[in-house]
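What follows is the residue order along each chain.
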Amino acid sequence: MASITFAFKALCVSLLFIVVASRPTGRPKVFNVQRHGSKPDGKTDNANAFTSVWSRACRRESGRSKIYVPKGTFYLGGVEFVGPCKNPIEFVIDGTLLAPANPSDIKQDTWINFRYINNLSISGSGTLDGQGKQSWPLNDCHKNPNCPKLAMTMGFAFVNNSNIKDITSLNSKMGHFNFFSVHHFNITGVTITAPGDSPNTDGIKMGSCSNIHISNTNIGTGDDCIAILSGTTNLDISNVKCGPGHGISVGSLGKNKDEKDVKDLTVRDIVFNGTSDGIRIKTWESSASKILVSNFMYENIQMIDVGKPINIDQKYCPHPPCEHEKKGESHVQIQDLKLKNIYGTSKNKVAVNLQCSKSFPCKNVELIDINIKNNGLEDGSSTAVCENVDGSVRGKMVPQHCLN
Ligand SMILES: *[C@@H]1O[C@H](CO)[C@@H](O)[C@H](O)[C@H]1NC(C)=O
Ligand SMILES: *[C@@H]1O[C@H](CO)[C@@H](O)[C@H](O)[C@H]1NC(C)=O
Ligand SMILES: *[C@@H]1O[C@H](CO)[C@@H](O)[C@H](O)[C@H]1NC(C)=O
Ligand SMILES: *[C@@H]1O[C@H](CO)[C@@H](O)[C@H](O)[C@H]1NC(C)=O
């Protein structure tokens, strides 16, 4: 017994040694962009200076690198920061990064794009100013096939073990932050702002991602605060304020072929203030893919004058008429959904809308302690609508539930 304990201790000590020894030690090598050719005059394009600093930081063989953007306004055309890098990189932004006001001056999908990187950490008291105002009126893609392409503010693709802390994103042209195939990523203390009527300015959008945590974040935009798309799993959202905006949306799903399941979502301690929707799941009618949306938990959520506080819409069709309308019911299966302690006020009488697919009815929807009152703009008390839902209820129920 004693020798086993000893062997175990020896193992622990050597493991500890390995962990400590392999951690990059000492202070990072600092690359202050202003000392490497960037000008904080608000008009010189610093894109080349930034990318050359990035490649020097990224190529270093050992030790951490820190790219530092000091206070000041750094105008930046489109930039791409591409890995793989040999070591972790800290990107500290205390200044303002200013996007071109003219959208055609950004010749890529995303204004600031990170790709193929591990162990990246972005932080600072600075601001990403997308200068979207001039491009919002040009956003008419739902009726104009030749509409101009507008860039998202910051994108991450094939990025692992990374995080963003504290920075502010202001007035994006399209979405603010976009994540594709990103795994193990934390977003915390971030502020995201655009006017409530600015089109398609999603706060955080992600697809094919896993193990993402979003916490202590404040989002007010003209579209979804958070949009969760195909193939996203193990997403944890807590302490988020959302409003104005379209709420925390899963979907829209099912429109395209080859979509993947969306699973294991936790949404906790949220305030929706003046949003059009709160908790939202939208799937296209007659979808091209048959996928599963499952194991979602929504808990401790306050609704303040929210248009549609709880809204499952499996007949999604944003710009009718939709050809899908003729073709039948959604093939997206929604199941194992728990909604617990959801309270506050609804702008519409229908505070709870559970409109599921006739072909694939929602399964195991649990409602526990729901208390959402009509805020008084419409007469009468709040109501619930159920279509093709199977589930259970427990605790307080306002509006009166409609599950059978
Ligand atoms: C990232 O961190 C992990 C865990 O600390 C380490 O194994 C890996 O080598 C790091 N990669 C880079 C590129 O720094
Ligand atoms: C990132 O993580 C995913 C999922 O864990 C993995 O498949 C992929 O190889 C990782 N990428 C890199 C560059 O380490
Ligand atoms: C994310 O946060 C969790 C919990 O605070 C922590 O354990 C994890 O290491 C963080 N991951 C990254 C990539 O920062
Ligand atoms: C909700 O939004 C309104 C209008 O912007 C604001 O006055 C109010 O303080 C907000 N309430 C909370 C609890 O954040």
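Residues numbered from 1 in each chain as written. Chains lettered and ligands numbered in written order. Predicted model: local features only at pLDDT ≥ 70, side-chain atom pairs only at ≥ 80, totals over all residues. Heavy atoms only, no water.

Draft legend 1. Up close: the pairing of strand 21 (residues 277-284). Across the eight residues of strand 21, eight count as buried, placing the element largely inside the fold. Across four bridges, the pairing between strand 19 (residues 248-253) and strand 21 is parallel. Paired with valine 250 across the strands is isoleucine 281, a residue of strand 21. Bridge analysis of strand 21 against strand 23 (residues 308-316) gives six bridges, and the strand direction is parallel. Paired with isoleucine 279 across the bridge in strand 23 is isoleucine 310. (Buried < 20%, exposed > 50% of the residue type's maximum accessible area, 1.4 Å probe, protein only. Helix = DSSP H or I, 4+ residues; strand = E, 2+ residues; numbered from the N terminus. Pairing = 2+ DSSP bridges.)

Draft legend 2. Broad picture of the domain arrangement of the chain. Here the chain is described as being made up of domain 1 (36-134 + 149-193 + 203-211) and domain 2 (224-317 + 328-404). The gap between the C-alpha centroids of domain 1 and domain 2 is 32 Å. Listed as interface residues are nine residues of domain 1 and, on the opposing side, twelve residues of domain 2. Together, the buried faces of domain 1 and domain 2 total about 770 Å²; carbon and sulfur atoms form 48% of this surface. On the domain 1 side of the contact with domain 2, Ile204, Met206 and Asn211 bury the most area, a combined 52% of that side's loss. (Domains from an automatic or database assignment. Contact = heavy atoms within 4.5 Å. Buried area = accessible area lost by both parts, 1.4 Å probe.)

Draft legend 3. Broad picture of the site of ligand 2. The environment of ligand 2 is formed by Asn118, Asn160 and His183. At 3.2 Å, a side-chain N or O of asparagine 118 approaches an oxygen atom of ligand 2. A distance of 2.4 Å is found between an oxygen atom of ligand 2 and a side-chain nitrogen or oxygen belonging to asparagine 160. (Near = heavy atom within 4 Å. Polar contact = N/O pair within 3.5 Å; in protein donor to acceptor, adjacent residues only side chain to side chain.)

Draft legend 4. Up close: the side chain of asparagine 32. Within the secondary structure layout, asparagine 32 lies in strand 1 (residues 29-32). What makes asparagine 32 buried here is its relative accessible area of 12%.

Draft legend 5. Expanded view of the pattern of salt bridges. Going through the model one piece at a time under the given rule, you end up with eleven salt bridges. The closest approach of N and O atoms between glutamate 299 and arginine 268, which form a salt bridge, is 3.5 Å. Of this pair, glutamate 299 sits in strand 22 (residues 292-306) while arginine 268 sits in strand 20 (residues 262-273), and the two are 31 residues apart along the sequence. Here glutamate 299 falls in the buried class, since its relative accessible area comes to 14%. Connected via shared salt-bridge partners are Arg268, Glu299 and Lys340. (Salt bridge = Lys/Arg side-chain N within 4 Å of Asp/Glu carboxyl O.)

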